[in-house]
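Summary of the model geometry
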Amino acid sequence: MAITTMAKAIAQAMAEEMERDSRIVVWGEEVAAAGGTYGATQGLQEKFGPTRVLDTPISEGVIVGAAVGAAMNGLRPIAEIMGINFAFLAMDQIINHAAKVRSMFGGQFECPIVIRTTSGGGRQLGATHSQTVEHLFAHFPGLLVVAPSTPGDAKGLLKAAIRSDDPVMFVEHATMYSDKGEAPEDVNYVLPIGKSDVKRSGKDVTIVTYSKMVSISLRAAQQLSAEGIECEIIDLRWLRPLDLEPVYESFKKTNRAVIVEEGYATYGLSAEIATRIYAECFDYLDAPIERVSQKEVPLPYSGPLEKYALPKVEDVIAGVKRVL
Amino acid sequence: MDKAELLNLYEQMVTIRLMEEKCEELYQKGKIGGFMHLYIGQEAAGVGAVSARQPHDNVITAYRDHGLAIACGLEPRLIMAEMFGKATGCCKGKGGSMHLADITKKFWGGHAIVGAHIALATGLAFADKYRQSDAVTLCFFGDGATNISYFHEALNLAAAWDLPCVFICENNKYGMWTPIEKVSGVTEMRQKATAYGMPSDVCDGMEVLAVRAVTEKAITHVRSGQGPYFLEILTYRYRGHSMGDQRPYRTQAEIHKWQAEDPIGQFENYLLKQGFLAAEMDAIDDRVKHLLDDAIKFADESPFPAQTEIWTDIYAPGSPAAIHN
């Protein structure tokens, strides 16, 4: 397997799929001539030309709306929303249209689109450019939401998203584009939809997480291992459909869980997962489930303040220790 | 236009008028639920414009969609059953009055978020252009929709990408209950298209042949690859915005003024002057009444969807995301 970066793995997944299926088109702000603000569409326009890879105006509503319309009419667009914070401007298209055109019209229309976007804090961009809100989209039936934690996963999951006949929010983490990792070169490397992945085995505590918080949790687990505490880390990969079978299986062994998410805990992903673990594994519970998340403030610009607000390795370690 | 085509325009307008009157009655009887927006008064706009399309051209509209559904050839049975919430409806009873659609007639809905479908229209048009089809997309919306961001984003994109789209504003003077001059900087909606370098035209929306003529011109322009076109059709809705709207915001005199130019009455007079017989039109009226009675009976006798239908059509068949009870 070749070592590559997250950005390159994403570009490669799109290039391979576009080679396979001429119905795939890519559009968004700066995706064509510039190759993407994070380099994740690098080389696509050179390879596939300006009719398949297009720069759009700064118009999130129509970036997604046009993708939905084109998908209804037989194409398979990949629309990039530069940051998930701007997806709020396209919220109506994503929730009222992409997620509903199949069901509301009795199955007459399909909406095979991928909305690629970037989430997460940690770059001193201030409160409006640093949010972690992918779970909001996972609230809605009709959508799929996936967020990769490694370059290899990004490649396999993006290919799964592109091949899906339903709309997928593909959420990349803003600070991970130059992360390195192995990515299979096999053009048919497609990961399954709605399957989570055990990223580390351990017998003492179950950590449930996804995206960037997987690597933060792995670092915490390494430090805890030195103290004789072994964590099992489950990477959800998909926020919808949610695959908690491996979580229940793990919890029945460890009897303790910590849920780590970068966003806010209130009404967040961890609330949903904790509820489900409580319901499924009530008899196996040895401690209240812990949540590690962002402090509930609009993220400040100042470097040390932003760091303080975001969940970090020490927070995960503290969370694990609270359930032991 | 030959004789049959002219009578066909008349028949479509009468079908819309009589169907809408029936819908009003059925709504009051509780057979139709939800929000419902009648097309009465605007028949010539939809019928005239759609009559200028080829069968492979797309039509998409907002929630006042019954008239365009008929103009696009949807079966009254399927429309009525949909409004009754029945399994036999064009959307299996999942859409209702505001979300009629029939992909086989290239009628893409029926969309109830003001202006959102203008964005969808650019995508429909893009897909046809991408496949090098010569199909054009006719996107209908009201004057009220010209004030929402989607309108501007979509017109700009269509102009920037030279998309084969005719944007058709049915200017009926009111956005819900508010007269357009109170909420729009300009009262000629086509001026807004000028901002995007788009050619435009305007016509009397109470004259079906006038509407057809300008739409033909617009479609020819768009089909020849010259980019999008904007049409403003000046029309009027006789009824309120939706059911239960008592229309206190406009005068009887205004309504009467427009009714004096009734699109069906006008066209009937025109046909008589052209030598058509009143009996020919009476026969059409009778046929339409029977067709609508049959549609209502069909809708009434059709079953409601099975409860298990609630779990279907949310995701593609076989998707791991499919939701189960």
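What counts and what doesn't
- Residues numbered from 1 in each chain as written.
- Chains lettered and ligands numbered in written order.
- Predicted model: local features only at pLDDT ≥ 70, side-chain atom pairs only at ≥ 80, totals over all residues.
- Helix = DSSP H or I, 4+ residues; strand = E, 2+ residues; numbered from the N terminus.
- Rg over C-alpha atoms; globule rule 2.2 N^0.38 Å.
- Buried ≥ 20, exposed ≤ 12 C-beta atoms within 10 Å, placed from the backbone.
- Contact = placed C-beta atoms within 7 Å.
- Core = buried A, V, L, I, M, F, W, Y, C linked by C-beta atoms within 7 Å.
- Axes fitted to C-alpha atoms, helices over the stretch in contact; angles between N-to-C directions.
- Parallel < 35°, antiparallel > 145°, perpendicular 65-115°, else oblique.
- Left-handed = near helix turned anticlockwise from the far one by under 90°.
- Nonpolar A, V, L, I, M, F, W, Y, C, P; charged D, E, K, R; others polar.
- Pairing = 2+ DSSP bridges.
- Domains from an automatic or database assignment.
- pLDDT = per-residue confidence, 0-100.
- Arc of directions from axis to C-beta.

1. A short note on the overall build of chain B
Secondary structure summary: chain B contains 12 helices and 8 strands in total. A globule of 325 residues ought to have a C-alpha radius of gyration of about 20 Å, and chain B, at 20 Å, matches this closely. Counting across all 325 residues of chain B, residues that qualify as buried make up 50%. Look at the contacts in chain B between residues 6 or more apart in sequence, and 74% of them connect residues 24 or more apart.

2. Overview of the nonpolar core
Core analysis: the biggest nonpolar cluster contains 196 residues, and Cys139(B) and Val166(B) have the highest contact counts within it. Here Val166(B) is in contact with Val136(B), Leu138(B), Cys139(B), Ala218(B), Ile219(B), Val222(B), Tyr229(B) and Leu231(B), once residues within four sequence places are set aside.

3. Examining the packing of helix H3 (residues 60-72) of chain A against helix H6 (residues 149-160) of chain B
Between H3(A) and H6(B), the shortest axis-to-axis distance is 9 Å and the interhelical angle comes to 70°. Overall, the two elements H3(A) and H6(B) adopt an arrangement that is roughly perpendicular. Where H3(A) crosses over H6(B), the handedness of that crossing is right-handed. Contacts from Gly61(A), Val62(A), Gly65(A) and Ala66(A) in H3(A) reach Ser149(B), Tyr150(B), Glu153(B), Ala154(B) and Leu157(B) in H6(B). Tallied by class, the residues present in the contact of H3(A) with H6(B) amount to 5 nonpolar, 3 polar and 1 charged.

4. Quick word on the sheet that holds strand S3 (residues 53-55) of chain A
All names here are of chain A. Taken together, the 7 strands give an open sheet; going across it, the order is S3-S2-S4-S5-S7-S6-S12, and neighbouring strands pair in mixed fashion. Either end of the sheet is taken by a strand with one partner, and the two such strands are S3 and strand S12 (238-240). Here the strands of the sheet are splayed against their neighbours by 20° on average, with no regard to which way each runs. Pairing geometry for strand S4 (residues 76-81) and strand S5 (residues 114-119), over 4 bridges, is parallel. Directly across from Glu 80, in S5, lies its bridge partner Arg 116.

5. Focus on the domain arrangement of chain A
Residue and element names in this part refer to chain A. Partitioning chain A into domains gives domain 1 (2-183) and domain 2 (197-323). For domain 1 and domain 2, the distance between their C-alpha centres works out to 26 Å. On the domain 2 side, the residues contacting the 24 residues of domain 1 number 22 residues. Of all the elements in the fold, those that place two or more residues in the side of domain 1 that touches domain 2 are helix H6 (134-138), strand S6 (144-146) and helix H7 (151-163). Residues belonging to the side of domain 1 that touches domain 2 are distributed by class as follows: 11 nonpolar, 11 polar and 2 charged.

6. Regarding the environment of Ser196(A)
Residues and elements named next belong to chain A. In this fold, Ser 196 is placed in the loop between strand S8 (180-183) and strand S9 (197-200). Using a count of 18 C-beta atoms within 10 Å as the deciding quantity, one classes Ser 196 as partly exposed. Each C-alpha atom, one on Ser 196 and one on Asp 235, is 5.7 Å from the other, the two residues being 39 residues apart in sequence. Once residues within four sequence positions are removed from consideration, Ser 196 is found in contact with Ile 234, Asp 235, Leu 236, Arg 237, Asp 243 and Pro 246.

7. Quick word on the interface of chain B and chain A
The interface of chain B with chain A comprises 36 residues on the first partner and 39 residues on the second. Mapped by element, the contributors of at least two residues to the side of chain B that touches chain A are strand S2 (107-110), helix H5 (116-130) and H6 of chain B. At 11 residues, the largest contribution of residues to the side of chain B that touches chain A is made by H5(B). For the side of chain B that touches chain A, the per-class residue count stands at 23 nonpolar, 8 polar and 5 charged.

8. Thoughts on the packing of helix H1 (residues 3-28) of chain B against helix H11 (residues 263-273) of chain B
Residues and elements named next belong to chain B. The contact between H1 and H11 brings their axes to 10 Å, and the two run at 155°. As far as their axial angle goes, H11 and H1 are roughly antiparallel. The two elements H1 and H11 cross, and the hand of that crossing is left-handed. Residue-level contacts link Leu 6, Tyr 10, Met 13, Val 14 and Arg 17 of H1 to Pro 263, Ile 264, Phe 267 and Leu 271 of H11. Among the residues making up the contact of H1 with H11, the classes are represented as 8 nonpolar, no polar and 1 charged.

9. Observations concerning the sheet that holds strand S3 (residues 137-142) of chain B
Sheets are built from strands paired through backbone hydrogen bonds, the pairs being either parallel or antiparallel. Residue and element names in this part refer to chain B. Spatially, the 6 strands line up as an open sheet ordered S2-S1-S3-S4-S8-S7, and their pairing is parallel. If you trace the sheet from one side to the other, it starts and ends with S2 and strand S7 (200-204), each paired once. On average, each strand axis in the sheet is tilted by 15° relative to the strand beside it, whichever way the strands run. Sheet analysis places S7 next to strand S8 (residues 229-234), joined by 5 bridges and oriented parallel. Looking across to S8, one finds that Cys 203 is bridged to Ile 233.

10. Focus on the environment of Asp102(B)
Residues and elements named next belong to chain B. Take Asp 102: it is sitting in the loop between helix H4 (76-83) and S2. When the C-alpha atoms of Asp 102 and Cys 91 are compared, they prove to be 7.9 Å apart, with 11 residues separating the residues in sequence. When neighbours within four sequence positions are excluded, Asp 102 is seen to be in contact with Leu 74, Cys 90 and Phe 107.

11. Concerning the environment of Tyr174(B)
Residue and element names in this part refer to chain B. With respect to the secondary-structure elements, Tyr 174 resides in strand S5 (residues 174-175). Classification of Tyr 174 by C-beta neighbours within 10 Å gives buried; the count is 22. For the pair formed by Tyr 174 and Phe 84, sequence separation is 90 residues and the distance between their alpha carbons is 28 Å. Among residues more than four places away in sequence, those in contact with Tyr 174 are Pro 179 and Ile 180.

12. Here's the deal with the pairing of S5(A)
Residues and elements named next belong to chain A. With 6 of 6 residues buried, S5 lies mostly within the body of the structure. Burial along S5 is two-sided: Val 114, Arg 116 and Thr 118 facing one way and Ile 115, Thr 117 and Ser 119 facing the other are all buried. The pairing of S5 with strand S7 (residues 168-173) spans 6 bridges and is classified as parallel. Across the sheet, Val 114 pairs through a bridge with Val 168, a residue of S7.

13. Focus: H4(B)
Residue and element names in this part refer to chain B. The element H4 is extensively covered by neighbouring structure, given that 8 of its 8 residues are classed as buried. Residues of H4 that are buried include every one of Pro 76, Arg 77, Leu 78, Ile 79, Met 80, Ala 81, Glu 82 and Met 83, and no others. Of the surrounding elements, those touching the buried residues of H4 are H1, helix H3 (66-71) and helix H12 (278-301).

14. A look at unusual backbone geometry
Residue Pro241(A) is reached from Arg240(A) by a cis peptide bond, and omega for that bond is -5°. By the element assignment, Pro241(A) lies in the loop between S12 and helix H9 (245-254). For Lys173(B), which is not glycine, the phi torsion reads 80° and is therefore positive. Mapping Lys173(B) onto the fold places it in the loop between strand S4 (165-171) and S5.

15. Brief notes about the confidence of the model for chain B
Of all residues in chain B, 99% attain a pLDDT of 70 or more, and the chain-wide mean is 96. Taken together, the chains of this predicted complex give a pTM of 0.97 and an interface ipTM of 0.97.

16. Quick notes on H11(B)
All names here are of chain B. Those residues of H11 not exposed but buried are Pro 263, Ile 264 and Phe 267. Down the axis, H11 shows its buried residues gathered within 90° of arc, on one side only. Seen from the open side of H11, the exposed residues pointing more than 90 degrees away from its buried face are Gly 265, Asn 269 and Lys 273. Tucked inside the fold, the buried residues of H11 contact H1, helix H2 (43-50) and helix H9 (208-223). Looking at the residues trailing H11, positive phi occurs at Gly 275, about 100°.

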